[in-house]
Structures are given as C-alpha cells and as structure tokens.
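Structural description and commentary
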Amino acid sequence: SKYEDGSTKYYDGPGNHFDAVRKELRGEKGPFVIGAVLLSAGAGLLVGRSGHSTTTLNGQAAAAADIGARTVPFYGEHQAGIETPAQANSTFVAFDLLPGVDREAMGRLMRLWTQDAAKLTQGEPIIGDSSPQMAENPSGLTITFGFGRGAFEQAGIAEQWPMSVNAIPAYSIDRLEKEWNDGDIVIQVAGDDQNTNFHAVHQLLRTGKTFVKPIWMQRGFLDAAGVNTGKIGRNLLGQVDGQANVAPGTPDFAERTWMTTPTAMAGGTTMVLRRIRYGMDTWDKMSENIKGKVIGSDLESGAPLSGGDAKTPMDLEANDADGDHAIGDNAHARLAFTDNNQGIVRRGYNYDDGMIAGVRDLGLIFVSFQAEIERYLNLPKVRAGIDSLNKWTTPVGSALFVVPPGAQEGEWIGETIFG
C-alpha cells in the first residue's frame with residue numbers, strides 16, 4: 001500500500017486497513033492508492049484495477065479494464081443473459097417444483113429469486129448471504145430464469161403454455177440420458193468469474209430449497225475475458241463456432257429472438273438446451289482437411305469453404321475445382337444452417353466434465369433462443385442422420401423452456417405468467 005506522503009509498505013494488520021484499500025479500488029476516498037507488485041528483476045508491472053495502466057511481462061503497455069467490477073443491468077424489458085455478449089463461464093441449473101408448490105407459492109419463490117438476482121448481478125450480497133464477501137466482484141454476472149411445461153401444469157395454468165410442443169422431440173441421433181433432460185425451472189448464471197458464478201448459484205439454491213429440488217447442473221466455458229477479443233471463439237473440436245449469429249441490438253436479432261404474443265410473453269423468448277457429447281478419440285485422427293469438409297469451413301480461419309473470411313455468409317451454390325459443391329451436401333454447415341440459420345440465436349458453451357468409464361466426457365452445451373419454437377424444430381429435422389458431423393457428436397440431454405420478459409423494479413420475473 002502507498003501512503004499519501006508517497007511512502008510504501010506491505011501491511012498485514014487489522015482489517016480496517018484492507019477496507020480502506022477496497023474503497024480506494026472502488027473509487028472512494030481513502031488514505032491508500034493501489035499498490036504495485038514487483039514480479040522479478042526485469043519483469044513488468046501488473047496493476048489490475050480500473051484507471052491504471054498495465055505493463056505486460058514483455059514491457060508492452062495496455063489499458064487495464066476492470067473486468068471484475070463490470071455490471072449488467074438486471075431490470076429491463078428483456079431478461080439479461082440473452083442479448084448480453086456471452087461471458088466466459090456459465091452454469092445452468094434445472095429444478096423440479098416440490099409437491100404442494102402451487103401458483104401462489106411460485107410467486108413467492110420468484111419474488112425471492114428476483115430480489116436475489118437483482119442484488120447479486122450488481123455486486124451486492126443477498127439478505128442472509130452465507131458468504132457476502134464473494135459478491136464483491138460481479139464480473140458481468142447475469143441471471144436468467146426460464147420455465148418448463150411442468151411449472152405451468154403444477155401452477156394450474158397448463159393451457160397458457162405458449163409453445164406447440166411440450167418437449168423437444170427425440171431425433172434419430174439422440175442417445176438421451178435422463179439426468180440431463182427437462183425440468184420445471186431453469187436458471188442460467190453467466191459471468192466472467194467462476195467464483196462469482198459459484199456464489200450466485202449457491203445462494204439461489206439456498207433461497208429456493210423449500211420450493212424446488214435441483215435435478216441437474218451443467219457448467220460451460222468459452223474464452224476467458226479479454227482473450228480473443230473481437231474474434232469468434234472455438235469449440236472443443238477446434239472449429240470457429242458462432243459465425244451464423246446476428247449482432248445483438250439489431251432489428252434482425254430482435255426479430256429472431258423476442259416473442260410478441262401472447263401478451264404475457266411479449267419481450268420473452270423460448271430456450272432450447274441440448275447437451276452434445278463429442279467423440280474426440282476418432283476426431284483427433286482426422287486430417288484438418290477432412291475436418292474442414294465435415295464441418296464445411298476452414299479450421300484455421302473459420303471461413304466457409306465457399307470463400308471469404310469467418311464472417312462471410314456461406315454460398316451454398318459455390319462449386320470447387322472438381323465441380324462439386326464447395327460446402328458438401330452432408331457438411332454440418334450446410335445442413336445445420338439452412339437458410340442462413342434462419343430464426344435462432346445461439347449461445348452455446350463448451351463443457352469438460354471428467355471421465356465416464358475412462359472416456360473423457362466433453363462437448364457442447366448447445367443453447368438457442370428463438371421467438372417461436374418452430375424456428376428451432378426445423379433445423380435438427382434436416383440434419384438428423386445425414387450430417388457428416390453426427391459421427392462425432394451425440395446429443396445426450398434435451399430441455400425446453402419458456403423465458404418470460406424482464407421485470408422493472410418492484411416487479412418479479414414471471415409475474416406476467418404466474419402473478
């Protein structure tokens with residue numbers, strides 16, 4: 001720490017000194033300014049808070065964005081975590097309602113969870129927080145709530161279910177495992193710091209324990225915050241993944257995503273969550289050229305095989321030197337993104353969950369949002385059974401939820417449905 005007279009010292013004394021440092025870090029007045037840690041002789045100086053420059057180990061200066069202090073507004077027309085640029089980490093937790101939890105009790109639960117989420121996303125501990133210190137770095141935290149068909153049934157309003165199907169139909173490529181399917185409620189907790197995500201999930205579980213029981217949890221990851229900035233990330237197959245998404249904040253994004261009817265759902269959306277396991281052992285044996293043909297894009301650049309760069313739309317009519325379609329008839333890109341992926345917005349995460357019988361359990365938590373579920377249902381029908389990538393990808397979990405609109409202060413998430 002550094003005193004006002006310019007002298008510095010390391011201090012390990014009473015906590016009030018650390019409180020003063022925290023205030024300084026948050027931009028409040030205090031006797032301390034941010035200290036520096038000398039890494040080693042010749043090493044650069046690392047200062048990790050907002051408003052201070054950073055020098056990397058090779059001496060190059062860069063702006064030090066305070067990722068830990070970043071917040072995303074909780075209240076608004078739409079729930080956060082959908083149009084929000086994808087954060088580095090996400091945890092999905094599904095719940096079943098306990099017996100006897102009716103529509104009125106659902107309202108009590110969602111009032112509590114709304115209050116909790118509004119605080120946690122702004123870096124504040126909840127009432128009765130078991131670890132309030134862990135709330136201090138919101139790190140872009142968003143908390144998004146969705147409801148399955150079972151919640152509507154138990155609340156006695158099954159006729160208000162706004163979709164044409166109650167669950168995603170099983171496809172020929174599916175090998176579904178019951179521990180990853182469906183649920184009455186889902187919470188998506190996303191942020192750039194996994195400690196913050198853990199704390200948020202832990203507190204929400206504590207708050208909800210008299211209303212719900214958790215039935216599954218899935219944790220995913222993307223590039224760490226500040227890594228690969230401005231570029232499209234890769235999935236665990238090495239593929240640049242997400243080229244077909246439209247930009248948040250655009251009319252196209254709004255048209256694809258937000259429901260306009262029924263009135264109770266205006267500003268909400270539908271959510272598909274599929275757990276897709278990869279078969280890496282045989283994939284690793286393929287050449288990059290073959291992998292590119294299977295996917296329909298260049299593995300190095302992410303550009304479609306029809307030409308251009310990673311952000312160039314596919315030309316499904318383009319031919320290669322042999323007169324065949326440059327993007328093969330069975331290529332994943334052609335079949336999964338027919339009509340340029342018309343109608344859905346993807347928000348997937350990689351997962352790596354250890355071993356099952358000596359084989360690594362890893363793959364993709366596929367998440368999509370769409371205004372009408374038919375926009376999603378039209379895609380897997382096309383690719384089931386004939387997509388070249390199916391040899392290395394196996395859907396093992398499937399869930400469908402309706403995501404209600406956002407809430408304003410004084411309201412609660414789901415009030416338009418269960419209120």
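So, how was this worked out
- Along every chain, residues carry numbers that run from 1 in the direction the sequence is written.
- Local features in a predicted model are, by the rule used here, given only for residues with pLDDT of at least 70; side-chain atom pairs are given and counted only at 80 or more, and totals for whole chains, interfaces and linings are based on all residues.
- Excluded from the side-chain calculations are hydrogens and water; all other atoms, namely the structure's heavy atoms, are used.
- Segments assigned H or I by DSSP are reported as helices when at least four residues long, segments assigned E as strands when at least two residues long, and all are numbered from the N terminus.
- Partly exposed describes any residue whose relative accessible area lies between the buried limit of under 20% and the exposed limit of over 50%, with all areas from a 1.4 Å probe on protein chains only and scaled to the type maximum.
- Note on definitions: a residue-residue contact is assigned when non-hydrogen atoms from the two residues lie within 4.5 Å.
- Note on areas: Shrake-Rupley with a 1.4 Å probe; residue coverage comes only from the protein chains shown.
- Geometry is summarised by axes, namely lines fitted to C-alpha atoms with helices restricted to the contacting stretch, and by angles between N-to-C directions that run from 0 to 180 degrees.
- Put simply, angles under 35 degrees are roughly parallel, angles over 145 are roughly antiparallel, angles from 65 to 115 are roughly perpendicular, and the rest are oblique.
- Should the near helix be turned counterclockwise from the far one by less than a right angle, the crossing is left-handed, whereas a clockwise turn marks it as right-handed.
- Gly is put with the polar residues, along with every residue not named as nonpolar or charged; the nonpolar set is Ala, Val, Leu, Ile, Met, Phe, Trp, Tyr, Cys and Pro, and the charged set is Asp, Glu, Lys and Arg.
- Each C-beta atom gives one direction from the helix axis, and the arc is the one those directions make.
- As a per-residue quantity, pLDDT reports the predictor's confidence and falls between 0 and 100.
- A side-chain nitrogen of Lys or Arg and a carboxyl oxygen of Asp or Glu constitute a salt bridge if their distance falls within 4 Å.
- What we call a nonpolar core is a set of buried Ala, Val, Leu, Ile, Met, Phe, Trp, Tyr and Cys residues that are connected through their side-chain atoms within 4.5 Å.
- Planes of paired rings set the category: under 30 degrees apart is stacked, over 60 is edge-to-face and the rest tilted, where pairs are Phe, Tyr or Trp rings (Trp by its six-membered ring) whose centres lie within 6.5 Å.

Another aspect to go through is the overall build of the protein chain. Each helix and strand counted, the protein chain has 11 helices and 13 strands in total. Split into buried and exposed, the 419 residues of the protein chain put 45% on the buried side. The contacts in the protein chain between residues at least 6 apart in sequence include a share of 74% that link residues at least 24 apart. Entry remark: accessible area of the protein chain is about 20,100 Å², with carbon and sulfur atoms responsible for 52%.

This paragraph deals with the packing of helix H2 (residues 103–120) against helix H4 (residues 194–208). Contact geometry for H2 and H4: axes closest at 10 Å, N-to-C directions at 160°. Between H2 and H4, the interaxial angle falls into the category roughly antiparallel. Handedness of the crossing formed by H2 with H4: right-handed. Of H4, the residues touching H2 (which contributes Leu 109, Leu 112, Trp 113, Asp 116 and Leu 120) are His 199, Ala 200, Gln 203, Leu 204, Thr 207 and Gly 208. Taken together, the residues that form the contact of H2 with H4 break down as 6 nonpolar, 4 polar and 1 charged.

Among all positions of helix H7 (residues 288–295), only Lys 291, Gly 292, Val 294 and Ile 295 are buried. Along the axis of H7, the buried residues cluster in a sector spanning 160°; they form a single face. Residues of H7 that are buried sit in contact with helix H6 (280–283) and helix H8 (332–336). Count one or two residues on from H7 and you reach Gly 296, which has phi positive near 100°.

All right, on to the confidence of the model for the protein chain then. On average, residues of the protein chain score 84 in pLDDT, and 82% of them are at 70 or above. Note that residues 1–64 has pLDDT below 50 and, in this model, 69 contacts with residues that lie over four places away or in other chains.

With that out of the way, let us pick up the pattern of salt bridges. Tallied over the full model, the rule gives 14 salt bridges. Between Glu 372 and Arg 375 there is a salt bridge, and its shortest N-O distance comes to 2.6 Å. Here the salt bridges do not stand alone but share partners, grouping Glu 177, Arg 275, Arg 277, Asp 353 and Asp 361 into one network.

Attention shifts here to unusual backbone geometry. Geometrically, the link from Thr 261 to Pro 262 is a cis peptide bond, its omega value of -5° lying close to zero. If you check the backbone angles, Asp 182 has positive phi at about 55° while not being a glycine. Examined against the element boundaries, Asp 182 turns out to sit in the loop between helix H3 (149–154) and strand E7 (185–191). Its relative accessible area of 33% is what places Asp 182 among the partly exposed residues. Even without being glycine, Asn 228 reaches a positive phi, approximately 65°. Note on placement: Asn 228 falls in the loop between strand E8 (212–221) and helix H5 (251–257).

This brings us to the nonpolar core. With 64 residues, the main nonpolar core has Trp 113, Ile 143, Phe 147, Ile 185, Ile 373, Tyr 376 and Phe 418 as its most contacted residues. Ranked by residues supplied to this core, first place goes to H2 with 8 residues. One finds Ala 94, Trp 216, Val 345 and Tyr 349 within the second-largest nonpolar core, a separate group that totals 22 residues.

In total, this model carries 10 aromatic pairs according to the counting rule given. On the basis of an interplanar angle of 70° and a centroid distance of 6.3 Å, the ring pair of Phe 92 and Tyr 349 is categorised as edge-to-face. Within this pair, whereas Phe 92 is found in strand E5 (residues 89–97), its partner Tyr 349 is found in strand E11 (residues 349–356), the two being separated by 257 residues in sequence. A relative accessible area of 0% means that Phe 92 is categorised as buried.

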